[in-house]
Amino acid sequence: MKGSLLQRIIILLLLFWVLKPSLNAFDFFQPYLQNFSVSEGLTSSQIHFIYQDSNGLIWFASEKGVCCYNGLEFKPFTTTNGLADNFVMRITEDDEGTIWAVAESGKLSYFKDDTFHPFEFNSTLEKYGHILPNSIYIEQGNIWLGTDNKGIIYIGSDGMSVNHKSNKLHIHQHNKNVLIGTLNKAPKSKLEVEVNEGDQVVFEEVISLPEKFQPSYRFLKLSADARLVAIGRTLYKIDKGKIIEKKEFPTNILSLYVDQKERLWVGINQSQGAYIFERTHLTTPPLRVLRNHTINCITEDYEKGVWIATKENGAYYVESLEMTSFTQEAGLSSNELLFISGNKNGSVSIIAYPEGAIDLFSSCDHTETYNFSQPGKVNYLSSCYHDTDKDEVYLFGTQGVVHMSMSDVTHEVKIRPFQKVTDAIAYKNQVIILDHNKIHLYDETLQQELSKFQLSTWANKMTLMNDTLLLATSKGITAFDLNNNKEIEGLFKNLPSTRIIDIQYHQSTKKVWVCTSGQGIWILDSSSPYEDILDEQQGLASDIINCIYQDQQGFIWVGSNKGLNKINPANYHIEHIDQHSGLMSNEVVDIYAREGYVWIATREGLSKIKEDEIGSYKIDPFVRFDKIIVNNTPRTVTSGNLVLPYSDNNLNVNFHGISFRENALQYRVKLDGFDTDWQLYTTGQARYNNLPNGTYKLLVQAGHPKHGWSNSPATLQININKPFWKTIWFIALCLIVGACLFY
């Protein structure tokens, strides 16, 4: 008796130790970062600056030249292609669309006729000291340059002049507003800072400097009255000339950017990564990305994608889809998740892991961690049952069943071993538990087993179709009559032989959704086994399905090995997101949706997104003509106008769209004067044969039917001349000759 009491005390102490909560609250934003480095085509892994020009091309400046990316390939430019210097620090574009490269030496190069050319004043500029790469502004043929110690250089139609009033200059162009900042060194221990807009001084500050301090400085205009000024490692937020917020960073600030979501990105030196502040509030806790990277530049393209230039590993691209992600680094028990559930109002969510641990989330914050394994006995979890009416969750493990009340977040361990529970669902006042090839019926408290049945085959998932239990098995679908407690013969027979992963009955449409490993989704009813099939050809991300979930609104969510699909069962409209949208992994293993949020469990962490963000983004790709083949002969088009003789009337037009957000671009093509409506193409090629003589206008848009098309189509004017016998002069000549012969 004493031994038994002692054993109970020890077990209780062990349970208290393993079940104690870990209060590790966080909200960790970790977007998917697509990397571009030397292996992808960049000339160097050290990128100083990134710029998207007015044609949609992305330019990268490095110490080994310039690279231009058109969405398909990188094209390098060095001194052999006309650059004045390979060590390029900045790319800019003037108001006429000319690209300029600013070298570390201060030499300028401009891009014309598909190559770079040295600036004619480079030899003269060398006499005025080092040109600051961030201090260049070009408009209407006029150039302003800032130097280290010779003031401001102006080059225009009336020649060159130098303003010696200030010894350093920084110009930042933001929404067509130009900020000019001057820095004046006093004694070595202090730095006098002054920011001007025209003749107006908007900021003045004297800053104490540490010994051997090399200041960096950045300016950013937020509004008519608000500015951000970065001096060294200190960031100032100024409103109407007064400092209203101030924040210190570990090292010098190298880049500032406010994206279209009003998030402030701050890139800093010495491999400290980037800090992200919501709505430019410096007092809020920042989110961090790219730790162990030095951030030289942050910018945004026309589709709201963020580009980050690093010193160590090339460039990174981040889609601006709102996605919150959680990883083991940020506090999860593991990156390999098993399943997700939650309470009625969506305020508490539970994430379970294969080896017996769970994490609890309250709203967006991770609040508690529990481990239901005992020392030496891992409680491997295999499935979960959520009683939505009572807001209670049952976790099935090899060492027993864990019962949790989600309303007050209490729990208890019920020692009720099963071989391996693969699914559990509620049926009337009972709970049906699927344990390999056995069906267990328990009361709603899981205290009493009411009945047990043996199946003819092993099953892994199940769903209820009224009083019929449908089971996904290794041999197809097995139907079990719960009223008569027996299998139903002949229902859903003669299906293709494939592995069925999951199954879901959709109540409003009376259809059964069957998820397969390699053949997409079968949508069945009892009378028509092949009602519909959804696969990659119909827009599904992948034919290999991992899981299926039906939310409160009746939408179907499908996890695959290539991301997440949201399907409207009324019309089979499909939206999908993947790693490019921010998912931690494309391998989705479970889904849970409640109160406007979707939780996605993956093999490499957890992601959470607002439901209305999925499929809500718009794209506006640029379109470029690659080549035009006329009667099997390539033609070059430079002016947007193609004039052809009447016999050259077979055209093969090749084009491509530039979009970094949409991987599967489609195209709409219309030849005005020939086509009556837009023609849809999945590849960038359109062919027209035996065109009659006349004037045509070719319009090409890139995009996607779900996310919009290019606002400005690429256009090409095509003139096919008349044959000589149809020309006025030939007809007139024939009439004259005929008249002469007649008379």
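Residues numbered from 1 in each chain as written. Predicted model: local features only at pLDDT ≥ 70, side-chain atom pairs only at ≥ 80, totals over all residues. Heavy atoms only, no water.

Asks: When you look at the overall build of the protein in this model, what are you seeing that I'm missing?
Replies: Helix and strand counts for the protein come out as three helices and 66 strands. By residue count, 52% of the 743 residues in the protein fall in the buried class. Put simply, 47% of the contacts in the protein that link residues at least 6 apart link residues at least 24 apart. For the protein, the accessible area works out to roughly 34,500 Å², and carbon and sulfur atoms hold 47% of it. (Helix = DSSP H or I, 4+ residues; strand = E, 2+ residues; numbered from the N terminus. Buried < 20%, exposed > 50% of the residue type's maximum accessible area, 1.4 Å probe, protein only. Contact = heavy atoms within 4.5 Å. Areas by Shrake-Rupley, 256 points an atom, 1.4 Å probe, with all protein chains shown as cover.)

Asks: Even after reading the chapter, I still don't get the sheet that holds strand β23 (residues 263–268), so can you show me in this structure?
Replies: Pairing between the strands of a sheet comes from backbone hydrogen bonds, and it takes one of two forms, parallel or antiparallel. One open sheet accounts for four strands, arranged β22-β23-β24-β25; its pairing is antiparallel. Of all strands in the sheet, those bounded by a partner on one side alone are β22 (253–258) and β25 (287–289). Put simply, the sheet's adjacent strands are angled 20 degrees from each other on average, direction ignored. Pairing of β22 with β23 involves five bridges; the strand directions are antiparallel. Bridge pairing links L256 to V266 in β23. (Pairing = 2+ DSSP bridges. Axes fitted to C-alpha atoms, helices over the stretch in contact; angles between N-to-C directions.)

Asks: What exactly am I supposed to notice about a nonpolar patch on the surface here?
Replies: A cluster of nonpolar side chains, Y646, F724, W725, W729, L733, V737 and L741, forms an exposed patch at the surface whose accessible area comes to about 760 Å². Mapped onto the elements, L733 comes out in helix α3 (residues 728–742). Residue L733 is classed as partly exposed on the basis of its relative accessible area of 42%. (Patch = residues over 30% accessible without salt bridge, like charges linked within 9 Å, V, L, I, M, F, W, Y side chains within 5 Å. Salt bridge = Lys/Arg side-chain N within 4 Å of Asp/Glu carboxyl O.)

Asks: Help me understand the environment of N485 in this model?
Replies: Structurally, the position occupied by N485 is in the loop between β44 (476–481) and β45 (486–488). Once the C-alpha coordinates of N485 and S451 are considered, the two residues, 34 residues apart in sequence, prove to be 9.5 Å apart. With near-sequence residues (within four places) excluded, N485 lies in contact with F453 and F480.

Asks: Help me understand the pairing of strand β57 (residues 622–630), please; the structure alone is not making it clear to me.
Replies: Remember that side chains alternate between the two faces of the sheet whenever the strand is regular. The sheet contact formed by β57 and strand β60 (residues 651–658) spans eight bridges and is antiparallel. Along β60, the bridge assignment pairs R624 with H656. For β57 and strand β58 (residues 633–635), the ladder comprises three bridges, and the chain directions are antiparallel. Residue I629 lies in a different strand from β58, and its bridge partner there is P634. Turn length for the β57-β58 hairpin, with the two strands adjacent in sequence and antiparallel, is two residues, and the turn residue N631 shows positive phi of about 50 degrees.

Asks: Would you mind showing me how to read the nonpolar core here?
Replies: Among soluble globular proteins, nonpolar side chains are generally buried collectively. Ranked by internal contacts, the top residues of the largest apolar core, which has 30 residues, are W59, F60, V66, I91, F116 and W307. When contributions to this core are tallied by element, the ones reaching two or more residues are β2 (47–52), β3 (58–62), β4 (65–69), β5 (74–77), β6 (88–93), β7 (99–103), β27 (306–310) and β28 (315–318). Discounting residues that sit within four places of it in the chain, V66 has contacts with W59, F60, K75, P76, F77, L83, V88, I91, A101 and F116. The next biggest cluster of nonpolar side chains, apart from the first, holds 26 residues, and it includes L337, W557, I577 and A593. (Core = buried A, V, L, I, M, F, W, Y, C linked by side-chain atoms within 4.5 Å.)

Asks: I'm lost on unusual backbone geometry in this one. Help?
Replies: Excluding glycine, a negative phi dihedral is what most residues carry, and trans is how most peptide bonds are arranged. In this structure, K304 takes a positive phi of about 70 degrees despite not being glycine. Residue placement: K304 occurs in the loop between β26 (295–300) and β27. Positive phi is not limited to glycine here, since Y572 has a value of about 65 degrees. Tracing the chain through its elements places Y572 in the loop between β52 (563–568) and β53 (573–577).

Asks: How do you make sense of the environment of G65 when you look at a structure like this?
Replies: With respect to the helices and strands, the residue G65 is situated in strand β4. Remark: the alpha-carbon pair of G65 and I47, spanning 18 residues in sequence, is separated by 9.9 Å. Not counting residues up to four positions away in its chain, the partners in contact with G65 are T43, F60, F77, L83, N86 and V88.

Asks: Help me understand the confidence of the model for the protein in this model?
Replies: The predicted coordinates of low-pLDDT regions are not to be read in fine detail. For the protein, the mean per-residue pLDDT works out to 80, and 80% of the residues sit at or above 70. Highest mean pLDDT in the protein belongs to β3 (96); lowest belongs to helix α1 (residues 2–19) (43). Predicted confidence is poor over residues 8–28, with pLDDT under 50, and the contacts of this stretch with residues over four places away or in other chains come to 41 contacts. (pLDDT = per-residue confidence, 0-100.)

Asks: Just checking my understanding: could you explain the sheet that holds β60 for this structure?
Replies: With respect to topology, four strands assemble into an open sheet ordered β58-β57-β60-β63, the strand pairing being antiparallel. Sheet topology places β58 and β63 (685–688) at the edges, where each strand pairs with a single neighbour. Across the sheet, the mean angle from the axis of one strand to that of its neighbour is 25 degrees, orientation sign disregarded. Relative to β63, β60 runs antiparallel, the two sharing four bridges. What sits directly across from V653, in β63, is A686.

Asks: Even after reading the chapter, I still don't get the side chain of D301, so can you show me in this structure?
Replies: Relative to the assigned elements, D301 resides in the loop between β26 and β27. For D301, a relative accessible area of 3% corresponds to the buried category. Engagement of the side chain of D301 in a polar contact is seen with the side chain of W307, the distance being 3.0 Å. Discounting chain neighbours no more than four positions away, the residues touching D301 are Q52, Q260, W307, Y317 and F660. (Polar contact = N/O pair within 3.5 Å; in protein donor to acceptor, adjacent residues only side chain to side chain.)

Asks: Would you mind showing me how to read the state of the cysteines here?
Replies: Joining two cysteines, a disulfide is a covalent bond between their sulfur atoms. Under the definition given, this model contains zero disulfides. Between C67, a free cysteine, and C68, which holds the nearest cysteine sulfur, the sulfur-to-sulfur gap is 8.6 Å. (Disulfide = S-S within 2.5 Å.)

Asks: Sorry, what's going on with the side chain of S607 here?
Replies: Along the polypeptide, S607 turns up in strand β56 (residues 605–610). The class of S607 is buried, set by a relative accessible area of 0%. A polar contact is formed between the side chain of S607 and the backbone nitrogen of M584, at a distance of 3.2 Å.

Asks: Looking at this structure, I do not really get the pairing of β28. What am I missing?
Replies: Of the two faces of β28, the one carrying A315 and Y317 and the one carrying Y316 and V318 are both buried. With three bridges connecting them, strand β1 (residues 34–36) and β28 associate as antiparallel partners. Looking across to β28, one finds that Q34 is bridged to Y317. Pairing between β27 and β28: four bridges, direction antiparallel. In the strand pairing of β28, V306 is matched with V318.

Asks: Just to check I follow, could you spell out the packing of aromatic side chains for this structure?
Replies: Any aromatic ring pair is given by two values, namely how distant the centres are and how the planes are angled relative to each other. Following the criterion strictly, the structure yields 28 aromatic pairs and no others. Between F36 and W307 the ring centres are 5.5 Å apart and the planes differ by 25 degrees, which places this aromatic pair in the stacked class. One end of the pair, F36, is in strand β1; the other, W307, is in strand β27, and 271 residues separate them in sequence. For F36, a relative accessible area of 5% corresponds to the buried category. Note on F119 and F121: the rings are 5.4 Å apart at their centroids and 50 degrees apart in plane angle, and the pair reads as tilted. On the basis of relative accessible area, F121 is assigned to the partly exposed category, the value being 27%. Clustering of aromatic rings is evident, with ring pairs tying together F36, F60, Y69, F74, W307, Y317 and F660. (Phe/Tyr/Trp six-rings, centres within 6.5 Å; stacked < 30°, edge-to-face > 60°.)

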